[in-house]
Structure formats: C-alpha cells, structure tokens
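Fold and contact review
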Amino acid sequence: MYRITELAEKVGLSRSTLLYYEKLGLISAKRQANGYRSYSEQDLQRLKLLQQLQAGGLTLKECQCCLESRIDRELLLQRLKVLDDELAQKQQARELLSAMLGMSSMREWHQVTENQASDAHLEWLMKQGFDEKQALRLKWLSKDMNEHEQYMADFELIFDGLTRLGPGTETDSLAALKAILLNTESLKATLLNTESAKAGSLNSGELLEIGCGKGVATRVLAQHSEFAIMALDNDQSSLDCLQQNLHQLSQDKRVKTVCASMTELPFEPDQFDVIWCEGGAYIMGVEKAFKDWKPFIKKEGYLVISDLVWSTDTPFNELRDFWQQAYPDMVSVERRIEQAQQAGYELIDSFPLSEQAWSDYYLPLQGRVDELEAMMPNSKAIADVKRELAIAAKRQGQFDYQMLILQKI
C-alpha cells in the first residue's frame, strides 16, 4: 500500500492531481485507521497505464474511456489525425525557424508571404535591415534573404551590358506617345521632324517617368517630345548611366533624374501632365499604382503603363503555375482595364507590345545565359532566368505585355 505522497513520487504527479483522479474514479483510496489515504499496487499500475495513453495524445476523458471499456478505434483514428496535423504544423514551424537562422532556404516562405500580405512583407524585410531597393529585389527576384547577396550578384552579372530589363521597343513607346497626341489638343507632346509640322505649336508640359532604369524609354521620350522629363529610379547607378547616354545624344538638358522610391513620390499634387511607367508598376502593385500616382497627375492628364497580362482565360497549367509564383497579381487585360476605370481613369488606347519587343529582350538574355552558364553551374539566378526563358517560348496566345494609355477623369 502507498500513502498519497509515496504514490505521487512514483508516478511524478502532484498530490492535487491524484486527488482529482480519485474524484473522477480513476483510482480509489482506502482510509486507514488514522484517517490517511492509502493506494494499492493496482492503483499504481492504473496510473502508469493512464500515463502511457496520455503519451499517445489522448485527453484525460478519452483515456478514462479506454480504461473502462474496449478501445474505440474511431476515436483513436480521429486523435491520430489531430496529432498528424499538429506534427505537420510543428515541422513547418521548425523549418521556418531553421530558415530564419540561415540553416536552410526561405524562398517558399517569402513567396507565400508575398502572396498573402505583400505590404506587410515589404515592411518586415526593411525592419530586417534591407533598404527599399534590396527589399523589393528580394521580394521579386531572389525570394530568399539568406542567399540574397549571392543571388543578386549573379543576377546583375547576367544583365550586365544588356540594354533592356524587360520587353519593349522604341516603336511601342512611340505608339503610346502618339496616342496621347491624337487624344488632346491641350496636351501635345509634339513629335519632332515631319510630325512636328503636323502637330502645330510646341508644348512644355511635364512628364514623370517612373522606374526609368538606364533610360531606354527616356531617350525615346526626350528625342520625340518637348516634355520636361523627370526620370525617377531607386538605383543611382542606373540614373548615372542614363545621364551619360543622354549627354552623348545632347538630350540631357530637358531630363532631370531623381533617385527615389516609386511608392513615396517626392512631388507636388497635380504636378505632371503625364506619368509614364513601362514594365515597372508591378513592383508596388498595379492597382496601388493607379491609386497612389493619380494625385500627382493634372486634371485630364495621362498615365501610361505596360504590364504583363493573360491573353486567355484558360492558360496552360505550366504557365499558370509559373506566373502564380513569379507574378501572383497577374490578371487579364480586361480586368486590368476595369481596375483602371474603377480608380478614376478613362481608357484612351491599349495594345499588346510587338513581337519585336519580346525578341529584343529575350534573345540577348538567352545569349548571356549561354555565355555564363558553364561558369556558374550552381547559380539559382541562372536557373530562374532559364525557367523564364522556357516559359516565354510558350507564351503565344497565353500572355502578353499590354500598353495602357489612360486619362485621369
């Protein structure tokens, strides 16, 4: 026979727990002549069996049922499923902690978080010590802060010397510029040479190009319009390259550069006749760009953007899966136009970029990958670019870059 303190010591439970078990009828004490409780070997064995059942994840009530009757297989199967779910959650938590300590990749976590909470994701990355440029590149390119530095070094090496960072041509940019000319008499971004005679008097409106990069589109706008151009990017080295190229073309006097964020424009309300952004609005989200850039556009001014859109409602599974990870905000051109109209714009014109726009970007990029692949066999940046090249080769009838010319109403 065991006194309650002895029994508690043998099973590693407190006195109050044993009294509670006795109240439930799991064990039964006998009163000695002196009033003390005493417990039998059977009570000890019953408690140890109870502990083994609890180790299987059963609740106290479920353990009591197992002790007092035949095992309920359905009950145990339900409990097993609950435990499996809990284990999966704990394994996921362990993998995340491991990744955050730099022991494994965080790419999948970043992708899921970006899909579900894009703004909070960016804010969190910046709290980890990344500046905005680094954080945006991590979100859209490397997707893994543990390997970001090496990834970006490889990425910049791939694109070193390439003219374009995305599809586009001078012809497409000029087509969008002409759409503005044809739509209004008060805002004539006058084309030079033979077009200037047809267009009439010159105007000196202001145009803001957002995400200008090295200035491929900037040069077109400077050469073929009379706008005073503000070229904005968050990469100073790209702006330096732009200024050097414009100086060689004697087009630098009307172009000023600003190193700033597209999410926090340092300008006055109603300052610009046109805001122009080729292929860059996705960085902050096109819907957000519609809303946030609108206050800086003059009444009846223009917003010109190009964006990647679906050309079909039923894309191939391979393409859909790829872009759901690479660009989860990608929608059809019809949906993008609806979003613009809901944000307070009127559609002036819309057209897909030419086939030349794709070849001018992807052919040099393919050549660069072919040149570097043997030197960088384990590069994740090379692997990602190769996947995109393979997807782009299957794009016909599936997705396009679409130019949208919108007027603020």
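Read on for an overview of the structure. (Residues numbered from 1 in each chain as written. Predicted model: local features only at pLDDT ≥ 70, side-chain atom pairs only at ≥ 80, totals over all residues. Heavy atoms only, no water.)

Section: the overall build of the protein
- Broken down by element type, the protein carries 18 helices and 10 strands.
- Since a compact globule built from 409 residues should have a radius of gyration of about 22 Å, the 33 Å found for the protein marks it as more spread out than a globular shape.
- In terms of its C-alpha atoms, the protein occupies a principal-axis envelope of roughly 120 × 50 × 40 Å.
- For the protein, the proportion of its 409 residues judged to be buried stands at 45%.
- Residue pairs in contact within the protein that sit at least 24 positions apart in sequence constitute 66% of those at least 6 positions apart.
- Counting 46 positive and 61 negative side-chain charges, the protein places the centres of these two groups 9 Å from one another. (Helix = DSSP H or I, 4+ residues; strand = E, 2+ residues; numbered from the N terminus. Rg over C-alpha atoms; globule rule 2.2 N^0.38 Å. Buried < 20%, exposed > 50% of the residue type's maximum accessible area, 1.4 Å probe, protein only. Contact = heavy atoms within 4.5 Å. Lys, Arg positive; Asp, Glu negative; His and termini not counted. Charge placed at Lys NZ, Arg CZ, Asp CG, Glu CD.)

Structural notes on the sheet that holds strand 10 (residues 399-408)
- Spatially, 6-5-4-7-8-10-9 is the arrangement adopted by the 7 strands of the open sheet, whose pairing is mixed. At either end of the open sheet lies a strand with only one pairing partner, and these are strand 6 (255-259) and strand 9 (345-352). Strand-to-strand twist of the sheet, defined as the mean angle between neighbouring strand axes without regard to direction, takes the value 20 degrees.
- Where strand 4 (residues 206-210) and strand 5 (residues 228-233) come together, 5 bridges link them in parallel fashion. Residue pairing across strands places Glu206 opposite Ala228, the latter belonging to strand 5.
- Docked against the sheet, helix 13 (residues 236-248) engages strand 5 and strand 6, running at close to 170 degrees with respect to strand 6.
- Contacts between helix 15 (residues 317-326) and the sheet are confined to strand 8 (297-310) and strand 10, with strand 8 contributing the most and set at about 130 degrees to the helix. (Pairing = 2+ DSSP bridges. Axes fitted to C-alpha atoms, helices over the stretch in contact; angles between N-to-C directions.)

Considering unusual backbone geometry
- A positive phi angle, close to 55 degrees, is found at Asp270, a residue other than glycine.
- Examined against the element boundaries, Asp270 turns out to sit in the loop between strand 6 and strand 7 (272-278).
- Backbone geometry places Glu300, a non-glycine residue, at a positive phi of 65 degrees.
- Among the secondary structure elements, Glu300 is positioned in strand 8.
- On the basis of relative accessible area, Glu300 is assigned to the partly exposed category, the value being 47%.

Section: the nonpolar core
- Residues Trp276 and Trp293 are the most contacted members of the largest nonpolar core, which totals 85 residues.
- Here the element with the most residues in this core is strand 8; it accounts for 8 residues.
- Not counting residues within four places of it along the chain, the set of residues in contact with Trp276 comprises Ser173, Ala176, Leu177, Ile180, Leu207, Leu208, Glu209, Ile210, Ala217, Leu221 and Val304.
- Within the second largest apolar cluster, 18 residues are counted, among which are Tyr2, Leu44, Leu50 and Cys63. (Core = buried A, V, L, I, M, F, W, Y, C linked by side-chain atoms within 4.5 Å.)

Looking at the sheet that holds strand 1 (residues 2-3)
- With antiparallel pairing, 3 strands are arranged side by side in an open sheet as 1-3-2. With one partner strand each, in any of the chains shown, strand 1 and strand 2 (30-31) form the two edges of the open sheet.
- Looking at chain direction, strand 2 and strand 3 (residues 37-39) are connected through 2 bridges and run antiparallel. In the sheet register, Lys30 faces strand 3, and the bridge partner there is Ser38.

Honestly, that's just the spatial picture; any functional story needs more than this.
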